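Summary of the model geometry
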Number of protein chains: 4
Amino acid sequence: MLEELKEEVYRANMDLVRYGLVIFTWGNVSAIDRHEGLVVIKPSGVEYEVMKVSDMIVVDLEGNVVEGDLKPSSDTPTHLELYKAFSSIGAVVHTHSTYATAWARAGKSIPVLGTTQADYFYGDVPCTRSMTEEEIKGDYERETGVVIVETFDNRNPLHVPGVLVKNHGPFSWGKDANEAVHNSVVLEQIAKMDQITFQVNPETDMNSHLVEKHFNRKHGVNAYYGQR
Amino acid sequence: MLEELKEEVYRANMDLVRYGLVIFTWGNVSAIDRHEGLVVIKPSGVEYEVMKVSDMIVVDLEGNVVEGDLKPSSDTPTHLELYKAFSSIGAVVHTHSTYATAWARAGKSIPVLGTTQADYFYGDVPCTRSMTEEEIKGDYERETGVVIVETFDNRNPLHVPGVLVKNHGPFSWGKDANEAVHNSVVLEQIAKMDQITFQVNPETDMNSHLVEKHFNRKHGVNAYYGQR
Amino acid sequence: MLEELKEEVYRANMDLVRYGLVIFTWGNVSAIDRHEGLVVIKPSGVEYEVMKVSDMIVVDLEGNVVEGDLKPSSDTPTHLELYKAFSSIGAVVHTHSTYATAWARAGKSIPVLGTTQADYFYGDVPCTRSMTEEEIKGDYERETGVVIVETFDNRNPLHVPGVLVKNHGPFSWGKDANEAVHNSVVLEQIAKMDQITFQVNPETDMNSHLVEKHFNRKHGVNAYYGQR
Amino acid sequence: MLEELKEEVYRANMDLVRYGLVIFTWGNVSAIDRHEGLVVIKPSGVEYEVMKVSDMIVVDLEGNVVEGDLKPSSDTPTHLELYKAFSSIGAVVHTHSTYATAWARAGKSIPVLGTTQADYFYGDVPCTRSMTEEEIKGDYERETGVVIVETFDNRNPLHVPGVLVKNHGPFSWGKDANEAVHNSVVLEQIAKMDQITFQVNPETDMNSHLVEKHFNRKHGVNAYYGQR
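The present account deals with the structure reproduced in this document. Predicted model, so just to flag it, every value in this text is computed and none were measured.

The next thing to look at is the pattern of salt bridges. Working definition: two side chains of opposite charge can pair if their charged atoms are close together. Counting across every chain of the model gives 60 salt bridges over all chains. With a shortest N-O distance of 3.6 Å, Arg11(B) and Glu7(B) are connected by a salt bridge. Placement of both Arg11(B) and Glu7(B) in helix α1 (residues 3-18) is noted, with a separation of four residues, approximately one turn of the helix. On the basis of relative accessibility, which here comes to 33%, the residue Glu7(B) falls in the partly exposed class. Its salt-bridge partner being Lys6(D), residue Glu3(D) comes within 3.4 Å of it at the nearest N-O pair.

The subject of this paragraph is helix α8 (residues 208-219) of chain A. Helix length check: α8(A), at 12 residues, gives a terminal C-alpha distance of 16 Å against a target of 16 Å (1.5 Å per residue), a fit within 8%. Along α8(A), the positions that sit buried rather than exposed are Leu210(A), Val211(A), Lys213(A), His214(A), Phe215(A), Arg217(A) and Lys218(A). For α8(A), the secondary structure elements touched by its buried residues are α4 (115-118) of chain A together with α5 (133-137) and α6 (140-152) of chain B. The backbone nitrogen of His209(A) has a side-chain oxygen 2.8 Å away, supplied by the residue at the start of α8(A), namely Asn207(A).

Turning our eyes to something else, we now look at the interface of chain B and chain D. Listed per partner, the contact involves 35 residues of chain B and 34 residues of chain D. Between chain B and chain D the total buried area reaches about 3,100 Å² when both faces are included, carbon and sulfur atoms providing 54% of it. The largest contributions to the chain B side of the interface with chain D come from Val200(B), His209(B) and Gln227(B), which together make up 19% of the buried area. When the shortest N-O distance is used, the salt bridge between Glu141(D) and Arg217(B) registers 2.6 Å. The interface formed by chain B and chain D includes 22 residue pairs in polar contact (both at pLDDT 80 or more). Counting residues per element, the ones that place at least two in the side of chain B that touches chain D are α4 (115-118), α7 (177-200) and α8 (208-219) of chain B. The element contributing the most residues to the side of chain B that touches chain D is α7(B), with 12 residues. Taken together, the residues of the side of chain B that touches chain D break down into 13 nonpolar, 15 polar and seven charged.

Moving on: the relation of the copies chain B and chain D. With an axial shift of 0.0 Å and an RMSD of 0.0 Å, the rotation relating chain B to chain D amounts to 90°. Both chain copies can therefore be described as sitting about a four-fold axis. Residue Gln199(B) of chain B places its C-alpha closer to the rotation axis than any other residue of that unit, at 5.7 Å.

Residues and elements named next belong to chain D. Strand order in the open sheet made by the seven strands is β4-β3-β2-β1-β5-β7-β6, with antiparallel pairing throughout. The open sheet terminates on both sides in strands that have one partner only, identified here as β4 (65-67) and β6 (162-165). Across the sheet, the mean angle separating the axes of adjacent strands is 25° when strand polarity is ignored. Of the strand pairs in this sheet, strand β1 (residues 27-33) and strand β5 (residues 91-95) are connected by five bridges, and their pairing is antiparallel. Looking at the pairing, valine 29 lines up with valine 93 of β5. Sitting on the sheet, helix α2 (residues 76-85) touches β1, β2 (38-41), β3 (57-60), β5 and β7 (169-174), and the angle it makes with β1 is about 40°.

Reading the values: rules and limits
Along each chain, residue indices are assigned from 1 in the same order as the chain's sequence is written. For naming, the first written chain is A and the first written ligand is 1, with later ones following in the order written. pLDDT decides what is reported in this predicted model: residues at 70 or higher carry local features, side-chain atom pairs at 80 or more are listed and counted, and totals for whole chains, interfaces and linings draw on all residues regardless. The side-chain figures draw on all heavy atoms in the structure; neither hydrogens nor water molecules are used. The term salt bridge refers to a pairing of a side-chain nitrogen on Lys or Arg with a carboxyl oxygen on Asp or Glu at a separation within 4 Å. The helix count covers DSSP runs of H or I at least four residues long, the strand count covers runs of E at least two residues long, and both are numbered beginning at the N terminus. The rule is simple: take the accessible area with a 1.4 Å probe, protein chains only, and divide by the maximum for that residue type; under 20% is buried, over 50% is exposed, in between is partly exposed. Take the residue count of a helix, subtract one, and multiply by 1.5 Å to get its expected span. Contacts were defined at the residue level, with two residues in contact if any of their heavy atoms lie within 4.5 Å. Definition of a polar contact: a pair of N or O atoms within 3.5 Å, with one able to donate and the other able to accept a hydrogen when the atoms are protein atoms, and with sequence-neighbouring residues admitted only if both atoms are side-chain atoms. Summed over both partners, the accessible surface that disappears when two parts come together, traced with a 1.4 Å probe, is what is meant by buried area. Charged means Asp, Glu, Lys or Arg here, nonpolar means Ala, Val, Leu, Ile, Met, Phe, Trp, Tyr, Cys or Pro, and polar covers whatever is left, Gly included. Copy-to-copy alignment: least squares on C-alpha atoms, limited to residues at pLDDT 70 or above in both. Here, a strand pair is defined by DSSP locating no fewer than two bridges between the strands. The axes are straight lines fitted to the C-alpha atoms, using for helices just the contacting stretch, and the angles between their N-to-C directions are given from 0 to 180°.

Limitation: the analysis is restricted to geometry and does not speak to function.
Structure follows, in structure tokens:
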């Protein structure tokens, strides 16, 4: 079942390695079939070199395994929480990519300082609050998703397609697995650029009109970037 | 038409990927045929892996498409403004390369601190002023070119073959596409070196006689570097 | 003798190069056969490109060469000291990997600031004290091991599978050579992340409940990460 | 003539690219035949991809071309000055490698903070003083060599096989071309490590007994590192 989606999720997981965002088993991608209400996700702790398309796990939105011989990623409940709260997203990516993870450890949102960020993120990439002892000792992975959703409050998740989980690392998403991976690459790149930027000038900032211009020329109703 | 120039522009665009200056579609190269008054430029938002020589677009200096099925780069009006103002240049390159873009986000010119820079840039690499709300909401990409030209004022663009557009990223140029790409590699490298240099010693500077010596041994009337 | 262990130690040494932790001859891996009381270790100063499985040296716990035509790594006495003091470990790795070595030169322990570290290290990665003139002029390599063991005091070496030797570099270990190499990759990665983290926010810290949660979901009695 | 030395110098030049120390034409290696009093050096400004063994130039110690159709490296007079002053060296390397060049731009010597440096350099890697207007406008490349020699004063050049030329970049040397390239790799690596080290702890230092121990276990009369 969902063979096409499994293929897409498999390839997206392998792309994380290709883009240098993941070493060992430190990442996972899932995608949802909204019509069936089913999610395809990477198995837990399986090495990328030996992983196959047929290892992808199908779970329902309550986390029950519907198909697959292996255990799904331990982060599955976080992914499911995001699918339930953000109805417009089709895929979720989690990595421990170096610079985005460093910002998450620092507990700081990544401020928008350039058009590279504004081309994809309509503002800062937010960092969640610290999780409480109760959340950590409770249903931890699900609570991680709850804290992400709380952080987004009124924001459109497709306008800010990523987040930093404090002391943990980045999650990103998109309309499909390919776009979610694309956004995880962008997130790592802007995390790196911003760290360097602040070394050069800790006082810099960016005009909000320029943020608006760049986001809208790619994503607004009158977008004119690309071949559309 | 202009088959040789298309080939040159195509190869220069691919070189940006090879030199690690561009991921996804974050860069573009153009070159001008001064005799015909026509510019060859990369199409907008096309992936490098699938791009072909025949995808290159020919535009006139007013930005009208003269040949090509695709839309030209959304940055085309910036390139055209540079060709109009800088009559000695034959090609323009734009990237979001990591370190040069970080300096642009920081809003800081890259000071000349070593011979690596002086071999190509006769002084600092300037950063433009912030663009105004009117410029951003108006003919934005053309205004970007106007602000670059304003920044150069009385300087010879072949003596300082690059610029940082504030909160955006670097543009570079040269006599032909190959030289323009070469200068974009140099610009990224000196942006990286200067960031590290200031970490080691924020108070350092460079003797202007040494700048002059190195620029002129490569580019002066009595140049003696290389096989000429 | 110990052909399987030699193969394992050889491959682990080559992996250090593959993971970018070692240039030239700047690293070594050993593994112990606890039943035989024998250690297999890399020869001293042999280039990785020409090294063969049969070049691996077998020594006893007093450092006597039991098999092999070459001299064992000059760091052999350090490895032996660790095997004697830490009875649960099966392999030891030493590298001069860039970021971990920089923290060692800085004389600073690597604080736990994120789950990437807590997934493998149950707390900070400690840095040893400076060695004394007597230790350096005496049986230096053995004393290096003694200082590491002193640093661990009451800690379980499998809960903190690595250390920084001040002004020198990292040592790591594990149940077998593969795990010890894995931990040396993790150690380099968290050293890099922490350096960047402190650039972004020198005041950051991490909730100890989150450290406990992540270490135990991988290594505790009720571990649920991976396919077990 | 000197076919073996030409082959060695050619390979050493190509190794600079392989080790990531050189882009474009930003580096050069030479080696001397002390018996003949002749030096083999890379031609000026020739791309590495097209360079051949037969392009290597033979010059005498006064800089006269003895064999070769191309112009020798513009840095040839610097190399010759080092061969004249340092009778124990057999080869010289110059690069603009990123971190070593950044320290040169910063005008700072690289302090010895770890055993990675002490294994090759018996102390700091010195940085030259600024060159005067007269030196720069005069016989510039020869004067660069004179300033390096002045910086070394009473030091043994094989005990400190490299230097930073202020606002320029590193030169290194060794008994032969292979060792000189090896030392240029070490110099770049310790420049990188020290920059990171000072970010982590600006107050760190290193015990001189440890420097002595490490230098001598590799290079002293009772050296025991490696297979000798």
